Amino acid sequence: MPERPVAQERSRLRARNLLVQEVAETRQRARLGGGFYGIAAALAFGVTGFAPPYRWSGLLVVGTLVLLAVARVLLPVPAAPGEAEARRYLRRIWGVILATAVAWGSFSAWSQTTLPAPAPLITLLFSGAFGMAIAHTLCMRRLPAAIAIAAVMAPTLVVLWGEVAFGVGATWLVYMAYMLLVMGRSHREYWERLELEEELRQQRDVFATQSRVDGLTGLPNRREFSESLERAMEAAGGGQSLSLLILDIDHFKRINDSFGHLAGDACLLRFAGRLREAFPGEGELCARLGGEEFGVVLPVDRATARARAEGFREALERVPLEFDGVQRTVTASIGCCGFDVRRHADADALYREADAALYRAKVGGRNRTECAPAA
Ligand SMILES: Nc1nc2c(ncn2[C@@H]2O[C@H](COP(=O)(O)OP(=O)(O)OP(=O)(O)O)[C@@H](O)[C@H]2O)c(=O)[nH]1
């Protein structure tokens, strides 16, 4: 893939991962806090003994806040959210959070002039606590968090300012401004942490890929090859065909010695490209096992694998590889072995037989395919 689309794809993936993470954390944090609003209202009405003048209003307020808390928990979260679903969830959960803040803020202001002591003190204390809780825990989105803090605090501010004393109202205002500052800082720290975690995740993925891919050719490396071979053998244990080819470029040292190590690298790269083109099928796996040695796993019987190997070998000899700006004929020796569950207890046993066949191909004059066991 060209570099720009790769970078675009990476940043798109990064944005999506951040959004998914935000959904998960918003859900967890919103669920945790919702229940406290109902408890706080129940406490405020509780100290009035739910006396007749406050009974119905008490039920209405507590019921509304409990319903909103339940909505936070029940709001469905898509299992593997795409971008649109994630944004829809965030809109909805923030809708519930804001509705809760408005309901609480209105109730708190109303209680200051309507409920008997000590209920107003209880709602006042809880308003401060809820505002600060939003500032700390629901700081993922700055604007809705600021609106939620204002919705919880401002109605009470108006009452304190007008009905209690200017100084108390001013104190409440300073308290509210402090919450907004705290929320701004929490917001920055939250996103710094999320981005750092995403960075670490991406680095971990890169390392995981690098540990399984050959850096020069981009083919799977020996580790990945061995594990894939084990898996293929396990799957084929029931009787399906499976064969292994080991290919070794002939006199590769001469290429290095004659044209230099870089030309040798380019040769390996071209050879890997040919191999990939020759064995592209489903269940076929090409890998670089090290140096100038390559492996191919094929879901076919030995005779077919041998024919495919010969086809590759002949084409390699016929069509030169272009590297270092020049066309050069390169040949390879190939060892071929069909998987037999009675002889091959593990991948190592299969590999050893294919390797022995490769050795025979080398001592037999190179540029040939030998099969194991020897016919
Ligand atoms: N350019 C380059 N050379 C490598 C790499 N890995 C191994 N080699 C070289 O590959 C050569 C392998 O040489 P030999 O094992 O003698 O094999 P050969 O010359 O191919 O001879 P036969 O296999 O017997 O046909 C050595 O010179 C290694 O230094 C690599 O990644 N790049």
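First, a word on scope: everything that follows refers to the structure included in this document. (Residues numbered from 1 in each chain as written. Predicted model: local features only at pLDDT ≥ 70, side-chain atom pairs only at ≥ 80, totals over all residues.)

**Some details on the overall build of the protein chain**
Line of reasoning, step 1. From N to C terminus, the protein chain includes 11 helices and seven strands.
Line of reasoning, step 2. Buried residues in the protein chain amount to 34% of all 375 residues.
Line of reasoning, step 3. In the protein chain, 68% of the contacts between residues at least 6 apart in sequence involve partners at least 24 apart. (Helix = DSSP H or I, 4+ residues; strand = E, 2+ residues; numbered from the N terminus. Buried ≥ 20, exposed ≤ 12 C-beta atoms within 10 Å, placed from the backbone. Contact = placed C-beta atoms within 7 Å.)

**Considerations on the packing of helix 3 (residues 83-114) against helix 4 (residues 119-137)**
Line of reasoning, step 1. Packing of helix 3 against helix 4 leaves a shortest axis separation of 8 Å and a crossing angle of 150°. With respect to helix 4, the axis of helix 3 lies roughly antiparallel. Helix-helix and strand crossings are classified by hand; for helix 3 and helix 4 the assignment is left-handed. Across from W104, F107, S108, S111 and Q112 in helix 3, the residues of helix 4 making contact are A119, P120, T123, L124, S127 and F130.
Line of reasoning, step 2. Classifying every residue of the contact of helix 3 with helix 4 gives six nonpolar, five polar and no charged. (Axes fitted to C-alpha atoms, helices over the stretch in contact; angles between N-to-C directions. Parallel < 35°, antiparallel > 145°, perpendicular 65-115°, else oblique. Left-handed = near helix turned anticlockwise from the far one by under 90°. Nonpolar A, V, L, I, M, F, W, Y, C, P; charged D, E, K, R; others polar.)

**Topic: the site of the ligand**
Line of reasoning, step 1. Near the ligand there are 16 residues, and of these D250, F252, K253, G264 and G291 occur at the shortest range.
Line of reasoning, step 2. Every element with two or more residues in the shell around the ligand is listed here: strand 1 (243-249), helix 8 (252-259) and helix 9 (261-278).
Line of reasoning, step 3. When residues in the shell around the ligand are grouped by element, the largest group, four residues, is from helix 9.
Line of reasoning, step 4. Here the residues of the shell around the ligand sort into four nonpolar, five polar and seven charged. (Near = placed C-beta within 6 Å.)

**With respect to the sheet that holds strand 1**
Line of reasoning, step 1. Across the sheet, five strands lie side by side as 2-3-1-6-7; this open sheet has mixed pairing. Each edge of the open sheet carries a strand with a single partner, namely strand 2 (285-290) and strand 7 (369-372). The mean angle between the axes of side-by-side strands here comes to 20°, regardless of whether they run parallel or antiparallel.
Line of reasoning, step 2. As paired strands, strand 1 and strand 6 (residues 332-338) are joined by seven bridges and run antiparallel to one another. When the bridges of strand 6 are listed, L247 appears paired with I334.
Line of reasoning, step 3. In the packing of helix 10 (residues 302-318) onto the sheet, contacts are made with strand 1, strand 3 (293-298), strand 6 and strand 7, and the angle to strand 6 comes to roughly 170°.
Line of reasoning, step 4. Against the sheet, helix 11 (residues 347-363) contacts strand 1, strand 6 and strand 7, and its axis sits at roughly 145° relative to strand 6. (Pairing = 2+ DSSP bridges.)

**Some thoughts on the environment of R185**
Line of reasoning, step 1. The residue R185 is located in helix 6 (residues 166-210) in this model.
Line of reasoning, step 2. With 12 C-beta atoms packed within 10 Å, R185 lands in the exposed category.
Line of reasoning, step 3. In sequence terms R185 and H136 are 49 residues apart; their C-alpha atoms lie 8.9 Å from each other.

**A closer look at the pairing of strand 7**
Look at any regular strand and the pattern is simple: side chains alternate between the two faces of the sheet.
Line of reasoning, step 1. Going residue by residue along strand 7, you find T369 and C371 tucked away on one face and E370 and A372 tucked away on the opposite face as well.
Line of reasoning, step 2. Inspection of the sheet shows strand 6 paired to strand 7 by four bridges, in the parallel sense. What sits directly across from I334, in strand 7, is T369.
Line of reasoning, step 3. Regarding the hand of the β-α-β motif, the stretch spanning strand 6, helix 11 and strand 7 is left-handed. (Right-handed = clockwise from strand over helix to strand, strands pointing away.)

**Topic: unusual backbone geometry**
Line of reasoning, step 1. Of the consecutive residues A117 and P118, the connecting peptide bond is found in the cis state with omega at 5°.
Line of reasoning, step 2. Inspection of the secondary structure puts P118 in the loop between helix 3 and helix 4.
Line of reasoning, step 3. Cis geometry is adopted by the peptide bond preceding P373, which originates at A372 and carries an omega value of -5°.
Line of reasoning, step 4. Within the element layout of this structure, P373 appears in the segment after strand 7.
Line of reasoning, step 5. Within the chain, F50 stands out as a residue other than glycine whose phi angle is a positive 50°.
Line of reasoning, step 6. With respect to the element layout, F50 can be found in the loop between helix 1 (3-46) and helix 2 (52-74).
Line of reasoning, step 7. According to the C-beta neighbour criterion, F50 is partly exposed, with 16 such atoms within 10 Å.
Line of reasoning, step 8. Unlike most non-glycine residues, H251 shows phi in positive territory, near 45°.
Line of reasoning, step 9. Inspection of the secondary structure assignment puts H251 in the loop between strand 1 and helix 8.

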